[in-house]
Amino acid sequence: MAEFYVYNSRCAEETASLGQKLASLLSGGEILFFKGPIGAGKTVMVKAVARYFGFKKEPASASFSLMKKYKNKRVTLYHADLFRLESGEMYNLGFEEMLEDEDGILLIEWPAAAEEFFPKDRLEIEVVLKGGNDREIKFRACGKRSGALLEDLCKLVKKEKI
């Protein structure tokens, strides 16, 4: 089971391509945490996941509505941007719906305030600015299911050489 993986992206297109590869492995029930500074590329990856599943309306930063739900015949995506939240504010905001949907895919940007709210088995993705358009994308699996997902992603990236 893979626990860590680092991918070096040279441009937004490569970051999006990686997001689509990741999306191709999602079957529902996964939790993905996206970490990194403003402008790093977290939302680029979220948009790539949504595109893979055929959503015409691309997710935008959800900073002002906290959570958006995207549903089609294939999947339900929950996109949350918790930039403005403090620890403990997750309760009574309606996020329980995400956790009750065992087939939904949760895409959480700025998850620090909610680390204790969500289950421990999740894939953490940190996008690090390296200068210019270069990004270092660090994946950390936190559990058996996310470990298997990360292992499959590593194989897919190696096979397709994105």
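Preceding block: the structure.
Okay, so let's go over this structure. Because the structure is predicted, anything quoted here is derived from the model rather than measured.

**A closer look at the pairing of strand 2 (residues 31-35)**
Consideration 1: By the criterion of burial, strand 2 is predominantly enclosed, with four of the five residues buried.
Consideration 2: Relative to strand 5 (residues 105-109), strand 2 is paired through four bridges, and the arrangement is parallel. Its bridge partner lying in strand 5, Ile31 is registered against Leu106.
Consideration 3: Relative to strand 6 (residues 122-131), strand 2 runs parallel, the two sharing four bridges. Within strand 6, the residue paired with Phe33 across the bridge is Glu124.

**Quick word on the packing of helix 1 (residues 12-23) against helix 2 (residues 42-52)**
Consideration 1: Look at helix 1 against helix 2: their axes get within 8 Å of each other, and the N-to-C directions meet at 50°. Overall, the two elements helix 1 and helix 2 adopt an arrangement that is oblique. The handedness of the crossing between helix 1 and helix 2 comes out as right-handed. Taken together, the residues of helix 2 that come into contact with helix 1 (itself represented by Ala12, Thr15, Ala16, Leu18, Gly19, Gln20 and Ala23) are Val44, Met45, Ala48, Val49, Arg51 and Tyr52.
Consideration 2: The class makeup of the residues in the contact of helix 1 with helix 2 is nine nonpolar, three polar and one charged.

Conventions adopted
- Residues numbered from 1 in each chain as written.
- Predicted model: local features only at pLDDT ≥ 70, side-chain atom pairs only at ≥ 80, totals over all residues.
- Heavy atoms only, no water.
- Buried < 20%, exposed > 50% of the residue type's maximum accessible area, 1.4 Å probe, protein only.
- Helix = DSSP H or I, 4+ residues; strand = E, 2+ residues; numbered from the N terminus.
- Pairing = 2+ DSSP bridges.
- Axes fitted to C-alpha atoms, helices over the stretch in contact; angles between N-to-C directions.
- Parallel < 35°, antiparallel > 145°, perpendicular 65-115°, else oblique.
- Left-handed = near helix turned anticlockwise from the far one by under 90°.
- Contact = heavy atoms within 4.5 Å.
- Nonpolar A, V, L, I, M, F, W, Y, C, P; charged D, E, K, R; others polar.

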